[in-house]
Amino acid sequence: MKFRISWLLLAAALFALAACGTTGTPAPTSAPAAQATKPAAGATAPAAAATPTAVAPKKGGKITMAVWQSPVTLNPLLGTQTVMNEVNIFVLEGMTKVLADGSRIASLAKEVPSVQNGGVSADGKTVTYKLKEGLKLSDGTSFTCEDVKFHWQATMTKDVGVSSTTGYSDIDTVECPDPLTAVVKYKTFFAPYLTLFNEIVPRVAGDPKDMKNWAFNRKPVGTGPFMVKEFKADDFITLDRNPNYREKDKPYLDQLIIRIVPSSEVALQLLKSGEVDIMWNNTEAELPELEKLPGIKVSQPLQIGGERIFLNLAENKDPSDPKTKHPILSDIKVRQALEYAINKQVIIDKLLFGKAKPGTSELNAGYWDCKATPRAFDANKAKQLLDEAGWKPGADGIRVKDGQRLRLKYSTTSGNKLREDSQVLIVENWKAVGIEAYIENAPSAVVIGTWDAASPRRRGNFDLIMYTTNAGEDPHSQMVNLFASWVIPSVDNKGGLNYTRFNDPAVDDLLKKAAAEPDTVKRKDMYCQVVKAGQDATNMIYLYQRLDIDSYRDRLQGWVENAWDNNGWNAENWWVSK
């Protein structure tokens, strides 16, 4: 799923809903008992619900969405690209999902399991899902508990490149006492348990040991409102209405087309000309123009996390040995100097029209906000740190040490003007303090692809990589993926996501304790300790906190912006007015 934020934690309203016997649920952060929570002070509440339409939805028609990245795979067990999730949201579903207001509701399950409804044991280690009756995959196959069990087993299959086993590795067994009951038994309490099984890969996918060769990887089969009809790499993906979708007379649309274009600029031109109905992933820099365009609406909730630069702490080599230090970036003073040298506010003012906040840390909004202070721009401090680290200015102003030039490769995904313009400003900032950076960008499929596709962030043959990522409604997976030593990518752990190769035993210990801590307040404190450790170590430089911006033509009806999920989270309710 595309991780987006909300500024509400779940529990207060959810606890009340559960008590009333509705589908509301407690936050997956405090099993077994639900806990009431409030929005963080100063947080902006997301859009609560769709604006009622005066006209009844009409069936038929199609819409086209432009994306400017090409999915490497549509298998969520292997892929990590946001654009992959923007496609899969139409096809794959899970046990529960999160609404625009941050509350969680049942999806394939009859209700969200909780202690109150008997779905969660007193010790929180057994979670029982009751499936809705009559569920079918788009190919007509019945969806049962065996599919839930298969998803877990496939996730835990070794040496096939699964990108993350967080949470699933804490499961002991998944039992199926009958086809409509899935009993998940954990070895230890896993606090964010409701974040698991939210995008289920069913048995029809194939043999897990042959996962990389599945036809499913390009043509997934699920219970969602649409099914993949055709996938032409770097060109388009066509999705037709799922004839076996469980809601009568839905989805309203006959077809969705995902049009893959080379850049965000091309996508914007197609939106303006009416050739596409939705443009995925706008930037703040496009807001002034979008807001003036007739017939265009803008969706723009605030995101947690944001744009950042990943610093490789290990050697730049393919494959990298995480135990071998980077010759330049292993020095904390150099890393801190890189951040002090960047004028984040200039980037925000010049490129984002002031519509962003300086980046601070991984948890910078909502209940989990650690209130970290951004490292201020201070070129003199950067120079001082570099001097202390032994890097002295050379004849051309670029620093040298023991005959080595302070020169770093700086990469991001190509086709994104904002990122490319940001690089220009940052390279100038660094040059002013004696750091030379050279830009070497590549398509998303290369920069942030899989180990087998020779992605540099996976293999470790990079110095600096820049892109956006953010946590979901529960930050545990994100914190583990970015800071835990056991998810550092390697030949033996191809799915690892700790790309900076950050390794701190004290942080590992905090993350393990947080995973087993039922008290939300204590969990937050542990995550904030991790945030501080990361900020001190500077394994990432947080540049700015972004809005989650998408735009669409006003003929599309039923769109509800949702900071927690991907654009198509309610696509079964989309329809076109003309």
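Please read these numbers as outputs of a predicted model, since none were measured by experiment.

### Some remarks on the pairing of strand S10 (residues 278–282)
Part 1 of the reasoning: A large share of S10 lies buried, amounting to five of its five residues.
Part 2 of the reasoning: Examined bridge by bridge, S10 and strand S21 (residues 549–553) share three bridges and lie antiparallel to one another. Within S21, the position partnered with Asn-282 by the bridge is Ile-549.

### Focus: the packing of helix H12 (residues 476–483) against helix H13 (residues 505–515)
Part 1 of the reasoning: For the pair H12 and H13, the least separation of the axes is 11 Å and the interaxial angle reads 160 degrees. Classified by the angle between their axes, H12 and H13 sit roughly antiparallel to one another. Crossing angle aside, the handedness with which H12 passes H13 is left-handed. Together, His-476, Met-479, Val-480 and Phe-483 of H12 and Val-507, Asp-508, Leu-511, Ala-514 and Ala-515 of H13 make up the contact between the two elements.

### Concerning unusual backbone geometry
Part 1 of the reasoning: Here the amide bond leading from Lys-250 into Pro-251 is cis, since omega sits at 0 degrees, within 30 degrees of zero.
Part 2 of the reasoning: Among the secondary structure elements, Pro-251 is positioned in the loop between strand S8 (236–241) and strand S9 (255–260).
Part 3 of the reasoning: Note that the residue after Asp-318, namely Pro-319, is joined by a cis bond; omega there is -10 degrees.
Part 4 of the reasoning: Position of Pro-319 relative to the elements: it lies in the loop between strand S12 (306–311) and helix H6 (332–340).
Part 5 of the reasoning: A positive phi angle, close to 60 degrees, is found at Asp-159, a residue other than glycine.

### Brief notes about the confidence of the model for the protein
Part 1 of the reasoning: Across the protein, pLDDT averages 88, with 90% of residues at or above 70.
Part 2 of the reasoning: pLDDT under 50 marks residues 1–52. Its contacts with residues more than four places away, or in other chains, come to 149 contacts.

### Some words on the nonpolar core
Part 1 of the reasoning: Among the nonpolar cores identified, the biggest contains 71 residues, and Ile-309, Leu-338, Tyr-410, Trp-430 and Phe-483 are the most heavily contacted of them.
Part 2 of the reasoning: Beyond its immediate stretch of four places on either side in the chain, Trp-430 contacts Ile-309, Leu-338, Ala-341, Ile-342, Tyr-410, Ile-435, Ala-437 and Leu-464.

### Observations concerning the sheet that holds strand S4 (residues 126–130)
Part 1 of the reasoning: Ordered by their spatial adjacency, three strands build an open sheet running S4-S6-S5, and the pairing between neighbours is antiparallel. Each having just a single partner strand, S4 and strand S5 (171–178) make up the two edges of the open sheet. Averaged over all pairs of adjacent strands, the angle between their axes in this sheet comes to 20 degrees, without regard to strand direction.
Part 2 of the reasoning: When S5 meets strand S6 (residues 181–186), the two strands line up antiparallel, connected through five bridges. When the sheet's bridge partners are listed, Val-174 is paired in S6 with Val-184.

### Considerations on the state of the cysteines
Part 1 of the reasoning: Applying the stated criterion to the full structure yields two disulfides.
Part 2 of the reasoning: Note that Cys-145 is cross-linked by a disulfide to Cys-176, the S-S spacing being 2.0 Å. Given an S-S torsion of about -80 degrees, the disulfide between Cys-145 and Cys-176 has left-handed geometry. Within this pair, whereas Cys-145 is found in helix H3 (residues 145–155), its partner Cys-176 is found in strand S5, the two being separated by 31 residues in sequence.
Part 3 of the reasoning: With relative accessibility at 24%, the residue Cys-176 sits in the partly exposed group.
Part 4 of the reasoning: Here Cys-370 engages in a disulfide with Cys-528; their sulfurs sit 2.1 Å apart. Residues Cys-370 and Cys-528 are joined by a disulfide whose S-S torsion is about -90 degrees; by sign, that bridge is left-handed. Taken together, the residues Cys-370 in the loop between strand S13 (357–358) and helix H8 (379–388) and Cys-528 in helix H14 (residues 520–537) connect sequence positions 158 residues apart.
Part 5 of the reasoning: What connects to what in the protein, once the bonded cysteines are numbered by sequence position, is 1-2, 3-4.

### With respect to the packing of aromatic side chains
Part 1 of the reasoning: Under the criterion given, the structure shown has 15 aromatic pairs.
Part 2 of the reasoning: Here the aromatic rings of Trp-368 and Tyr-527 are separated by 5.7 Å at their centres, their planes lie at 65 degrees, and the arrangement is edge-to-face. Note that Trp-368 is positioned in the loop between S13 and H8 and Tyr-527 in helix H14, a separation of 159 residues in sequence.
Part 3 of the reasoning: Taking the relative accessible area as the measure of exposure, Trp-368 reaches 4% and is therefore buried.
Part 4 of the reasoning: Overall, the relative accessible area of 0% leaves Tyr-527 in the buried class.
Part 5 of the reasoning: A centroid spacing of 5.6 Å and a plane angle of 85 degrees characterise the contact between Phe-483 and Phe-502, whose relative ring orientation is edge-to-face. With Phe-483 in helix H12 and Phe-502 in the loop between H12 and H13, the pair connects residues that are 19 residues apart, well separated along the chain. Neither residue differs from the other here; Phe-483 and Phe-502 are each classed as buried.
Part 6 of the reasoning: Three or more aromatic residues joined by ring pairs form one cluster here, namely Phe-90, Phe-226, Tyr-552, Trp-559 and Trp-574.
Part 7 of the reasoning: The residue whose ring lies beneath Arg-218 is Phe-231, and the NZ or CZ to ring-centre distance is 3.9 Å.
Part 8 of the reasoning: The side chain of Arg-375 reaches across the aromatic face of Tyr-340, ending 5.2 Å from its centre.

### A look at the sheet that holds S10
Part 1 of the reasoning: Pairing is mixed in the open sheet, where seven strands are placed in the order S7-S8-S9-S1-S10-S21-S11. If you trace the sheet from one side to the other, it starts and ends with strand S7 (226–232) and strand S11 (296–299), each paired once. With strand direction ignored, the average angle separating the axes of adjacent strands in the sheet is 20 degrees.
Part 2 of the reasoning: Relative to S8, S7 runs antiparallel, the two sharing six bridges. Across the sheet, the residue bridging to Met-227 is Asp-240, located in S8.
Part 3 of the reasoning: Here helix H4 (residues 264–273) sits on the sheet in contact with strand S1 (62–67), S9, S10, S11 and S21, set at roughly 145 degrees to S10.

### Considerations on H13
Given 3.6 residues per turn, any residue in an α-helix points the same way as the ones three and four places further on.
Part 1 of the reasoning: Listed as buried for H13 are Val-507, Asp-508, Leu-510, Leu-511, Ala-514 and Ala-515. In an axial view of H13, the angular spread of the buried residues amounts to 160 degrees, which keeps them on one side of the axis. Away from its buried face by more than 90 degrees, H13 exposes Pro-505 and Lys-512.
Part 2 of the reasoning: Taking the backbone nitrogen of Ala-506 as reference, a side-chain oxygen 2.9 Å away marks Asp-504 as the first, capping residue of H13.

Cut-offs and rules
- Counting restarts for each chain: residues are numbered from 1 in the order of the written sequence.
- With pLDDT at 70 or above as the cut-off, local features in this predicted model cover only qualifying residues; side-chain atom pairs require 80 or more to be listed or tallied, and sums for whole chains, interfaces and linings still use all residues.
- Water and hydrogen atoms were dropped before computing side-chain values, which therefore reflect all heavy atoms in the structure.
- We call a residue buried when its accessible area falls under 20% of the maximum for its residue type, exposed when it is over 50%, and partly exposed in between, using a 1.4 Å probe and counting protein chains only.
- The numbering of helices and of strands both runs from the N terminus, where a helix is a DSSP run of H or I of at least 4 residues and a strand a run of E of at least 2.
- Strands pair, by our definition, only if DSSP identifies at least two bridges between them.
- Lines fitted to C-alpha atoms define the axes here, with helix axes fitted over just the stretch in contact, and angles between the N-to-C directions of these axes take values from 0 to 180 degrees.
- Angle categories: roughly parallel below 35 degrees, roughly antiparallel above 145, roughly perpendicular from 65 to 115, and oblique for all the rest.
- Whether a crossing is left-handed or right-handed is set by the direction in which the near helix is turned from the far one by less than a right angle, anticlockwise for left-handed and clockwise for right-handed.
- Only heavy atoms matter for contacts: two residues are in contact if any of them lie within 4.5 Å across the pair.
- One number per residue, pLDDT, summarises how confident the predictor is, and it ranges from 0 to 100.
- We call a set of buried Ala, Val, Leu, Ile, Met, Phe, Trp, Tyr and Cys residues a nonpolar core when their side-chain atoms join them within 4.5 Å.
- Throughout, disulfides are identified as pairs of cysteine sulfur atoms within 2.5 Å of each other.
- Between the rings of Phe, Tyr and Trp (Trp by its six-membered ring), a pair exists once the centres lie within 6.5 Å; its type follows the angle of the planes, with under 30 degrees stacked, over 60 edge-to-face, and the other angles tilted.
- Ring-over charges, as used throughout, are those where CZ of Arg or NZ of Lys falls within 6 Å of the ring centre and within 35 degrees of the ring normal.
- Our arc is simply the arc of the directions from the helix axis toward the C-beta atoms.
- We call two N or O atoms a polar contact when they sit within 3.5 Å, provided that within protein one can donate a hydrogen and the other can accept it, with sequence-adjacent residues counted only if both atoms are side-chain atoms.

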